[in-house]
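Working through the structure, step by step
Residue strings, one per chain:
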Amino acid sequence: MNNMPLLTEVIMYAMTYSLVQDGFDVREVEVECHLSSGLPSFKVSGLPCTAVKEARERVRAAVKSSGFKFPRRRITINLAPANLPKYGTHLDLAMAISLLKASGQIKTNFAKNHYALGELSLMGQFKCSPQCFNLILGALQQNPLNKFIFPDSLSIKMTDVSVSAILLKNLACLKNINYQKHSSKLNDQQIFSTDIDLDIFSDIIGQYSARRALQISLAGHHHLLLVGPPGCGKSLIADKLKLLPNLLDKQESWQSKRLFHMTNYETEINSAGIPVRCPHHSASIKGILGGGRPIMPGEVSLSHRGYLILDELPEFKRNVLESLRQIMQNYKVHLSHGFEKSIFPAVSTVLATMNPCPCGYYNSSISGAICRCTPQQIHNYQSRISGPLLDRFGMSISLQLDDNFHLRKESPFNLKEYWESILKARKLQINRYEKNYNSNTTFSTYFNGQISEQDFQKFTGILPGKFKKLSSLKISNRKHSQLLRIAQTIADLEESHVTQEHFDEAIYLQQFVQFSYHSDRKR
């Protein structure tokens, strides 16, 4: 029997923590590094995307360029959980730290709540990966005590975030690291801005009903449809939303920023105003709802906590419009791509505009404007908006041009009072639905137009049988609920209890409920 001694293999192991995106959620990833004897190789396992696989060459060059020795061993890096797809170049730093720890070249022992994020250049310098900011905000929302290791260049974007972090200029800085903490410029209170340009609506002549409907929509987040002939001010009124001050609190601002950073649209973030998206009517269903691989949010999610403006509503593709029906009621987007499934928030309010017919002058009171459309053309045009979709608009306003100057003289517009009543009404609703709001900060709704029916009745005490006139209206159950919600918002604007007058105004704001073509129309 051969009594040769057994050769013991030297196994070196280390682990670092990082983060990856799983839809809108942020998931923890264990970056394990295993060094063993054998032919030199470098493999990455755990469903890495192409960018993560290419990290092998970036890490190899960065380690050598930073004065470290690259181990000539069999290197295996595993990204756990292995069944979760890994996207992004921000995993470079965690892979490099695990490699250097396993080879004994650095003596760091980061706790579980320390997450390494950063992309490496070939010379060992750090680049700010687009995913880093989104991942940090997501991790802080899950646990404010989480700590991070990221490039110091990212600290410029973190000026409004309180975060404990190790800032690195390059990979060589791992030999001597220190904690730094950035002070937060925001607090946990609701942040409302009253700094509004008093001339925003100066170019809108008349249109009292439309301005009143917009006020109610801003206060209670009710979906709004504006219908009228060309040039009456539909698109102009919708564009005014982009000029309004920011109404979001700290958590809501973080949610909005995360969605924009996920899609690399961070340059389009309007921190001075509410999120407003106005997609072109030729947009595809993926552009509106989201999709792709990795799954990215669409326009409905980018308008989260703000407004989605659908100008020229009938021109959108039918499948796009019908896909909005569920979102306008549930405020969530469920997306699937193969075995990947994601849920994105879409707590947004839809403001749509349209003409009543292809030429735009059906039932118009403009002198000399005669509708040139045939009955079949009008029917086909109006049929592009299905009944279930139309039923989801809490208010539908029919705009005209003939009495604008008359309305303007009778109803002088005071924008300061207009805006202050919106702020007061929103604050009333937040206080009323505060318990529901704290249950889930991402998908929660706390305005009259968005709260669930059960919570609306529970917190307001308004039941469908309160108004006798409601039972005589031949409308859907959803419309019944919308009328009560709009009446409650009108009462909140006046800081009073709901009365019959508020309910009557809610009915008046359903001006375009008779949407189908009538054969006895006047030509």
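Residues numbered from 1 in each chain as written. Predicted model: local features only at pLDDT ≥ 70, side-chain atom pairs only at ≥ 80, totals over all residues. Heavy atoms only, no water.

Another point: the overall build of the protein chain. Helices and strands together make up the secondary structure of the protein chain, namely 19 helices and 19 strands. Evaluated residue by residue, the protein chain yields a buried proportion of 53% over its 523 residues. Counted over contacts in the protein chain with a minimum sequence separation of 6, partners at least 24 positions apart contribute 76%. Split by element, the accessible area of the protein chain, about 24,200 Å² in all, is 51% carbon and sulfur. (Helix = DSSP H or I, 4+ residues; strand = E, 2+ residues; numbered from the N terminus. Buried < 20%, exposed > 50% of the residue type's maximum accessible area, 1.4 Å probe, protein only. Contact = heavy atoms within 4.5 Å. Areas by Shrake-Rupley, 256 points an atom, 1.4 Å probe, with all protein chains shown as cover.)

A word on the side chain of His 221. Summarising the element assignment, His 221 is placed in the loop between helix 5 (208–220) and strand 11 (224–227). Judged by its relative accessible area of 5%, His 221 is buried. Polar side-chain contacts of His 221 include one of 2.7 Å to the side chain of Thr 349. Within the local environment of His 221, its side chain forms a polar contact with the side chain of Arg 426, the two groups lying 2.9 Å apart. (Polar contact = N/O pair within 3.5 Å; in protein donor to acceptor, adjacent residues only side chain to side chain.)

Okay, the sheet that holds strand 12 (residues 276–277) next. Here 5 strands make up an open sheet; going across it, the order is 12-15-18-11-19 and the pairing parallel. Each edge of the open sheet is held by one strand with a lone partner, namely strand 12 and strand 19 (395–398). Across 2 bridges, the pairing between strand 12 and strand 15 (residues 307–310) is parallel. Counted as the bridge partner of Arg 277 is Leu 308 from strand 15. Along the sheet, helix 5 makes contact with strand 11, strand 15, strand 18 (349–354) and strand 19, crossing strand 19 at roughly 165 degrees. (Pairing = 2+ DSSP bridges. Axes fitted to C-alpha atoms, helices over the stretch in contact; angles between N-to-C directions.)

Taken as a whole and assessed by the stated rule, the structure comprises 4 aromatic pairs. Consider the rings of Tyr 433 and Phe 459, whose centres lie 5.7 Å apart with planes at 90 degrees: the pair is edge-to-face. With Tyr 433 in the loop between helix 14 (415–432) and helix 15 (434–437) and Phe 459 in helix 16 (residues 453–460), this residue pair connects regions lying 26 residues apart in the sequence. Between Tyr 446 and Phe 447 the ring centres are 4.8 Å apart and the planes differ by 35 degrees, which places this aromatic pair in the tilted class. We classify Phe 447 as buried; its relative accessible area is 3%. In this structure, Lys 175 packs its charged tip against the face of Phe 68, placed 5.0 Å from the ring centre. In this structure, Arg 485 is placed above the aromatic ring of Phe 456, and the distance from its NZ or CZ to the ring centre is 5.1 Å. (Phe/Tyr/Trp six-rings, centres within 6.5 Å; stacked < 30°, edge-to-face > 60°. Lys NZ or Arg CZ within 6 Å of the ring centre and 35° of its normal.)

For the rest of this paragraph, the subject is the pattern of salt bridges. Evaluated as defined, the whole model comprises 14 salt bridges. The partner of Arg 212 in a salt bridge is Glu 505, with the nearest N and O atoms 2.6 Å apart. A residue pair is termed long-range when its members are at least 10 positions apart, and Arg 212 in helix 5 and Glu 505 in helix 19 (residues 500–508) qualify at 293 residues. Accessibility expressed as a relative area gives 13% for Arg 212, which makes it buried. Sharing partners across several salt bridges, the network here consists of Arg 318, Glu 322 and Arg 325. (Salt bridge = Lys/Arg side-chain N within 4 Å of Asp/Glu carboxyl O.)

Note: most residues except glycine have negative phi, and most peptide bonds are trans. Following Ala 80, the chain continues to Pro 81 via a peptide bond in cis, the omega torsion being 5 degrees. Topologically, Pro 81 is positioned in the loop between strand 4 (74–80) and helix 3 (92–102). Of note in the backbone geometry, Leu 47 takes a positive phi value of approximately 55 degrees without being a glycine. Tracing the backbone shows Leu 47 in the loop between strand 3 (41–45) and helix 1 (50–53). The phi torsion at His 221 lies on the positive side, around 55 degrees, for a residue other than glycine.

Taken together, the buried positions of helix 11 (residues 375–382) are Ile 378, Tyr 381 and Gln 382. Take helix 11 and look down its axis: the buried residues cluster within an arc of 90 degrees, on one side only. Its buried side turned inward, helix 11 meets strand 18. (Arc of directions from axis to C-beta.)

We now examine empty space enclosed by the protein. Counting across every chain of the model gives 3 cavities of 30 Å³ or more. If you add up the space inside the largest cavity, you get close to 60 Å³. Taken together, the residues of the lining of the largest cavity break down into 4 nonpolar, 2 polar and 3 charged. (1 Å grid on protein atoms, 1.4 Å probe; cavity = no way out; pocket = protein on both sides within 12 Å on 5 of 7 lines; lining within 4 Å. Points joined across faces, edges and corners; volume = space filled by probe spheres on them. Nonpolar A, V, L, I, M, F, W, Y, C, P; charged D, E, K, R; others polar.)

Quick look at helix 10 (residues 318–330) now. Restricting attention to buried positions, one finds in helix 10 the residues Val 320, Leu 321, Glu 322, Ser 323, Leu 324, Ile 327 and Met 328. Those residues of helix 10 that are buried lie in contact with helix 8 (285–289), helix 9 (299–302), strand 15, strand 16 (332–337), strand 18 and helix 12 (387–391). Backbone geometry just after helix 10 places Tyr 331 at a positive phi near 60 degrees.

Another aspect to go through is the pairing of strand 4. Judged from the 7 bridges that link them, strand 2 (residues 25–36) and strand 4 form a sheet pairing that is antiparallel. Within the sheet, the bridge partner assigned to His 34 lies in strand 4 and is Thr 76. When strand 3 meets strand 4, the two strands line up parallel, connected through 5 bridges. Of the residues in strand 4, the one forming a bridge with Phe 42 is Ile 75.

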